[in-house]
Amino acid sequence: MAQERVLLVDDEKEFTELLAERMRSREMDVDTAESGAEAMVKVCKKYYDAIILDLAMPGMDGIETLGQILGKNPDQQVILLTGHATVPQSVAAMKLGAVEFLEKPAKIDKLIELVRTAQVKKADLFQKRMEESIEKVKTKRGW
Amino acid sequence: MSDKEICDNSLKFFGAVTASVSHELNNVISIIDQTGGLLDDLLYSADTGKPVPQEKLRSIVDKIAVQTDRGVRIIKRMNYFAHSVDEAVKQVNIVQLTDNFARLMQRLASQKKIEIVASFSADSIQINTNPFLLELLLYYLIKSSFISYNTERKLRLEINQSSSKVIILVEKLPDAEAPEISIIEELAGRAKCSFDITLKDMIVYYRLKF
């Protein structure tokens, strides 16, 4: 499997730097963003297998960021990693399309496992979309 | 505002502060947890023959110290706040109370890109008040300014003392909705102060006079 590309989004810079360092030592390609706006800039420039997103951030919060990320790419795998989310926040995030919800502090092994699952799922979705497009062209052309 | 309404609003206020503080403490613990994890990674690496540089260990120790200090400060602020319900009316250092309140509120304000800038004309000013209801009153006044903005903003909080009176000024940000005046006047009365609205340097302030 190719190197996993991950984006960590959290306004706690110290936290994202530590987590990024530990993930990089496990051969992952990790970028960080301190806000939803910065995350959107990075998402527009690079393909990520998984985005690990905090819910409570200044300005554009996690739910709004999640909505924008999935609006741009509905197949994007987003894992929410947050402090104490309320039940309505958790429900809203899962309804929007977050693939997993973890509470801080989370163990790195669990995060790595989720990122790897996300990578496989995203590759499967990509394959499915390709097959659908080919099928559509075939149907249209009558092959 | 009836006693029951005061009680209900006090509980909501206490809950909002506790939720914010616990979230902030959870962030501190998460950073210490990741720092411990990094140390574990380095020990594992050392076991496989890759030595850990001294400066790397030093930076880890420093990170733990910084976060421990941060956690202690948060707990001290929460403890001071929790004790404000101990007595209905007592003599308090209003500078310490307001400074502690501003720091407690900063996390909630930051979510809306607002920085609370507190300034005091003295280090210690003693007044008689109901400390908890004064904090609730200040919360009502600043909460109305907690609106999402695209840009960062500052919200000023001042205490000025003259020979005869002490005045707390709380800035009203331009787009903020005015809080319900009858509630503010009721709380001001219970906190042993009077309330009015004033204009200073083209900025609207809520003014509490003791």
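See the structure shown above.
Residues numbered from 1 in each chain as written. Chains lettered and ligands numbered in written order. Predicted model: local features only at pLDDT ≥ 70, side-chain atom pairs only at ≥ 80, totals over all residues. Heavy atoms only, no water.

(A) Looking closely at the overall build of chain B. From N to C terminus, chain B includes 5 helices and 7 strands. Each helix and strand of chain B, ordered N terminal to C terminal, gives the series α-α-β-α-β-β-α-β-β-α-β-β. Taken over C-alpha atoms, the radius of gyration comes to 21 Å for chain B, far larger than the 17 Å a tight globule of 210 residues would show. With the C-alpha coordinates aligned to their principal axes, the bounding extent of chain B is approximately 70 × 40 × 35 Å. Going through the 210 residues of chain B one by one, you find that 43% of them count as buried. Here the analysis covers contacts within chain B between residues at least 6 apart in sequence; of these, 76% occur between residues at least 24 apart. Here chain B has roughly 10,800 Å² of accessible surface; of this, 53% comes from carbon and sulfur atoms. Counting 26 positive and 27 negative side-chain charges, chain B places the centres of these two groups 3 Å from one another. (Helix = DSSP H or I, 4+ residues; strand = E, 2+ residues; numbered from the N terminus. Rg over C-alpha atoms; globule rule 2.2 N^0.38 Å. Buried < 20%, exposed > 50% of the residue type's maximum accessible area, 1.4 Å probe, protein only. Contact = heavy atoms within 4.5 Å. Areas by Shrake-Rupley, 256 points an atom, 1.4 Å probe, with all protein chains shown as cover. Lys, Arg positive; Asp, Glu negative; His and termini not counted. Charge placed at Lys NZ, Arg CZ, Asp CG, Glu CD.)

(B) Examining empty space enclosed by the protein more closely. Residue and element names in this part refer to chain A. The tally for this structure, following the rule as stated, stands at 1 cavity of 30 Å³ or more. The space that makes up the largest cavity amounts to roughly 40 Å³. Taken together, the elements giving at least two residues each to the lining of the largest cavity come down to strand E1 (5-9), helix H1 (13-24) and strand E3 (50-53). The element contributing the most residues to the lining of the largest cavity is H1, with 3 residues. (1 Å grid on protein atoms, 1.4 Å probe; cavity = no way out; pocket = protein on both sides within 12 Å on 5 of 7 lines; lining within 4 Å. Points joined across faces, edges and corners; volume = space filled by probe spheres on them.)

(C) Looking closely at the side chain of threonine 129 of chain B. Residue and element names in this part refer to chain B. Its place among the elements puts threonine 129 in strand E3 (residues 126-129). For threonine 129, a relative accessible area of 0% corresponds to the buried category. Here the side chain of threonine 129 touches alanine 191 through a polar contact of 2.6 Å, landing on its backbone oxygen. Setting aside residues up to four positions removed in sequence, threonine 129 forms contacts with Ala88, Val89, Lys90, Val92, Leu134, Ala191, Lys192 and Phe210. (Polar contact = N/O pair within 3.5 Å; in protein donor to acceptor, adjacent residues only side chain to side chain.)

(D) Structural detail: the sheet that holds strand E7 (residues 203-209) of chain B. Residue and element names in this part refer to chain B. Within the open sheet, the 5 strands sit side by side as E2-E4-E5-E7-E6. Their pairing is mixed. Since the sheet does not close on itself, it has two edges, and those belong to strand E2 (114-120) and strand E6 (194-200), each with one partner. On average, each strand axis in the sheet is inclined to that of its neighbour by 20°, with strand direction left out of account. The pairing of E2 with strand E4 (residues 153-161) spans 7 bridges and is parallel. Opposite phenylalanine 120, over in E4, you have isoleucine 159 as the bridge partner. Its contacts with the sheet put helix H3 (residues 94-110) on E2, E4 and strand E5 (166-171), and the angle it makes with E2 is roughly 170°. (Pairing = 2+ DSSP bridges. Axes fitted to C-alpha atoms, helices over the stretch in contact; angles between N-to-C directions.)

(E) Structural detail: the pattern of salt bridges. Evaluation of the coordinates by the stated rule reveals 26 salt bridges over all chains. Taking the shortest distance from any N to any O, the salt bridge between glutamate 14 of chain A and lysine 63 of chain B comes out at 3.4 Å. Note that glutamate 14 of chain A is positioned in helix H1 and lysine 63 of chain B in helix H2 (residues 54-82), a pairing that runs across two chains. A relative accessible area of 26% places glutamate 14 of chain A in the partly exposed class. Here glutamate 38 of chain A ties to lysine 42 of chain A by a salt bridge, and the two come within 3.6 Å at their closest N and O atoms. Of this pair, glutamate 38 of chain A and lysine 42 of chain A are both found in helix H2 (residues 36-45), 4 residues apart, which corresponds to roughly one turn of the helix. You can call glutamate 38 of chain A partly exposed: its relative accessible area is 30%. A network of salt bridges, in which partner residues are shared, links Arg22 and Arg26 of chain A together with Asp41 of chain B. (Salt bridge = Lys/Arg side-chain N within 4 Å of Asp/Glu carboxyl O.)

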